[in-house]
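# A closer look at the structure
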Amino acid sequence: MRTIASIIRKSTFAMLAIIGLASCSEEQFHVNGNITEAKDSVLYFENMSLEGPVLIDSVKLSDDGSFEFSHKRSDAPEFYRLRIARQIINISADSTETIGIKASYPTMATRYEVEGSESCKRIKELSLMQIDLQNAAIALDKNTSLSYAEAGDSLMKLIEAYKNGVKANYIFQDPKAASSYFALFQTIGNFLIFNPRTNSADIKAFAAVATSWDTFYPGALRTENLHNIALEGMKTERIVQAENNKSIDPSKIVESNIIDISLTDNKGQIRSLTDLKGKVVMLDFHAFSTSESPARILEMRELYNKYHDKGFEIYQISLDADEHFWKQQTENLPWISVRDNNGLSSSILAAYNIRSIPEFFLIDRENGLVSRSQQIKDINSAIEKLL
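A brief report on the enclosed structure follows.

The rules we used
Residues numbered from 1 in each chain as written. Predicted model: local features only at pLDDT ≥ 70, side-chain atom pairs only at ≥ 80, totals over all residues. Heavy atoms only, no water. Helix = DSSP H or I, 4+ residues; strand = E, 2+ residues; numbered from the N terminus. Buried < 20%, exposed > 50% of the residue type's maximum accessible area, 1.4 Å probe, protein only. Contact = heavy atoms within 4.5 Å. Areas by Shrake-Rupley, 256 points an atom, 1.4 Å probe, with all protein chains shown as cover. Salt bridge = Lys/Arg side-chain N within 4 Å of Asp/Glu carboxyl O. Lys, Arg positive; Asp, Glu negative; His and termini not counted. Phe/Tyr/Trp six-rings, centres within 6.5 Å; stacked < 30°, edge-to-face > 60°. Lys NZ or Arg CZ within 6 Å of the ring centre and 35° of its normal. Axes fitted to C-alpha atoms, helices over the stretch in contact; angles between N-to-C directions. Parallel < 35°, antiparallel > 145°, perpendicular 65-115°, else oblique. Left-handed = near helix turned anticlockwise from the far one by under 90°. Nonpolar A, V, L, I, M, F, W, Y, C, P; charged D, E, K, R; others polar. Arc of directions from axis to C-beta. Polar contact = N/O pair within 3.5 Å; in protein donor to acceptor, adjacent residues only side chain to side chain. Core = buried A, V, L, I, M, F, W, Y, C linked by side-chain atoms within 4.5 Å. Pairing = 2+ DSSP bridges.

It is worth spelling out the overall build of the protein at this point. Helix and strand counts for the protein come out as 10 helices and 18 strands. The buried share of the protein, taken over its 387 residues, is 42%. Summarising the internal contacts of the protein: among those between residues at least 6 apart in sequence, 61% fall at separations of at least 24. Element-wise, carbon and sulfur atoms account for 51% of the exposed surface of the protein, whose accessible area totals about 21100 Å².

Take a look at the structure:
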């Protein structure tokens, strides 16, 4: 009996070991392939972390240039590169996929082939587009027939056209994709192509990706990084707008009881504005189909997370025509989300004297309408004052 028990124990341990090895294998992704014409060159496999390149592994290439690397998968898209000297191939992985790369060393950065990852194929497209933009910028700089101002103006037009194409075909098309994140941090020389610190349109691109990553990859370091960059850009933009609007004299709102609103929320329940008496409320008029939506939703999440436990609520009215689209967009939002079937023809808009959206109002704990967006210089201070 001892012999049988011993055999059983050994078999069990062996099976567990096999299962353990299989689990480890399942938690890794693989990168393999060939880089020819690079005999005796060292191929580096590096993680492009938020702090910079981190070496994972390397191999000295033989005649056929074959290589194979493995690394632990992450819960969110992560970025890597294959490098020989200054020749670089950018890739991304977030699963147990196998990425195949074939190239010839002299042209590995521009003429490589990639298999097994659609994300890496799109990153290749973006990398080649970036190289073309860089070459166009160099050509402008060397064009002696152009004045400094003319060359600068032409470069700005090239960059703007590039950004518009990338936003339409990559970022706004699939903001959760690794390629969309990758696009946001492309550069010309040492300068960011998308710069949320100086360009309000670029803030929207960052906010779109940040909002999507908040949903699909919550808690990831890159998600937090995107979130912080987008919010910093929004704060800077608000400061500039406040300075520009100092001369504007918005129509005043006299404190009074609110005009009640009762609409059906995204869960099928009737929600009335007056039922929120006792809370400080942001009454927000919104359309998720607009390009401004991702940035505004990101900012509202920040406000809601910061003040909800202190008695702050958001009552958001959607004016989107497509009900299914609205339900998809609001499925994971924590605040009250209702929709007016009348859209831009809504009588509520007339009642609140709204001529354009987005627009919002602050309501105090007594259901009194206190102020509208144009009167608020610092939204955090305004909310804190009412709380």
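A complete count under the given rule lists 15 salt bridges for this structure. E78 is the salt-bridge partner of R222, the closest N and O atoms lying 2.4 Å from each other. Here E78 lies in strand β5 (residues 78–84) and R222 lies in helix α6 (residues 221–244), a separation of 144 residues in the sequence. Residue R222 shares its accessibility class with E78, and that shared class is buried. A salt bridge links K121 to E118; its shortest N-O distance comes to 3.5 Å. Residue K121 and its partner E118 are both found in helix α2 (residues 118–142); the two are separated by three residues, about one turn of the helix. By relative accessible area, which is 56% here, E118 ends up exposed.

A word on the side chain of E313. Relative to the assigned elements, E313 resides in strand β15 (residues 312–318). Comment: no salt bridge for buried E313; closest opposite-charge side chain is K279, at 5.3 Å. E313 has contacts with L276, K279, V280, V281, M282, Y304, H308, W335 and I336, leaving out every residue within four places of it along the chain.

Scanning the model with the defined rule gives 14 aromatic pairs in all. Relative to Y181, the ring of F79 lies with its centre 5.2 Å away and its plane at 20°, an arrangement referred to as stacked. Placement of F79 in strand β5 and of Y181 in helix α4 (residues 178–184) is noted, with a sequence separation of 102 residues between them. Judged by relative accessible area, F79 falls into the buried class, the value being 6%. Seen in terms of ring centroids, F185 and F206 are 5.6 Å apart; in terms of plane orientation they differ by 85°. Their pairing is edge-to-face. Of this pair, F185 sits in the loop between α4 and β9 (187–188) while F206 sits in helix α5 (residues 200–216), and the two are 21 residues apart along the sequence. Taking relative accessible area as the criterion, F185 reaches 29% and is therefore assigned partly exposed. For F206, a relative accessible area of 1% gives the class buried. A cation sits over an aromatic face here: K124 above Y112, 5.1 Å from the ring centre. The aromatic ring of F194 is capped on one face by K163, whose charged end is 5.8 Å from the ring centroid.

Turning next to the packing of α5 against helix α7 (residues 293–307). The packing of two helices is summarised by the inter-axis angle and the distance between the axes. Running from N to C, α5 and α7 point in directions that differ by 55°, and their axes come no closer than 8 Å. Judged by the inter-axis angle, α5 sits oblique to α7. Of the two possible hands of crossing, α5 and α7 adopt the one that is left-handed. On the side of α5, the interface is formed by A207, A208, A210, T211, D214 and T215, while α7 contributes P294, A295, L298 and R301. Across the contact of α5 with α7, the residue classes break down as six nonpolar, two polar and two charged.

In most cases, non-glycine residues show a negative phi, while peptide bonds are predominantly trans. The phi angle at E37 is positive, at roughly 55°, despite the residue not being glycine. One can find E37 in the loop between β1 (28–36) and β2 (42–49). E37 gets classed as exposed once you look at its relative accessible area, which sits at 59%. The backbone phi angle of A85 is positive, close to 55°, even though this residue is not glycine. The residue A85 is located in the loop between β5 and β6 (87–93) in this model.

Moving on, we get to helix α10 (residues 379–386). All buried positions along α10 are accounted for by I379, N380, A382 and I383. Angular distribution of buried residues about the axis of α10 spans 165°; they occupy a single face of the element. Taken together, the buried residues of α10 touch β14 (280–286), α7, β15 and β17 (359–363). Two to three positions downstream of the cap, the backbone nitrogen of N380 sits 3.0 Å from a side-chain oxygen, assigning the N-cap of α10 to D378.

Counting 35 residues, the largest nonpolar core has V166, I171, L184, F194, L226 and M234 as its most contacted members. Where this core is concerned, the elements lending two or more residues are α2, α3 (148–171), α4, α5, α6 and α7. Ranked by residue count, the leading element in this core is α5, at seven residues. Excluding anything up to four places from it in sequence, I171 contacts V166, S180, A183, L184, F194, A205 and V209. In this structure, I89, M108, V114 and C120 belong to the second largest nonpolar core, which totals 22 residues.

Each regular strand shows side chains that alternate between the opposite faces of the sheet. The sheet contact formed by β2 and strand β3 (residues 52–60) spans eight bridges and is antiparallel. Its bridge partner lying in β3, M48 is registered against P53. Here β2 runs beside β5; their pairing, made up of four bridges, is antiparallel. Residue pairing for β5: F45 is matched across the bridge by L82.

So, to be careful, I would describe these as geometric facts and stop short of saying anything about function.
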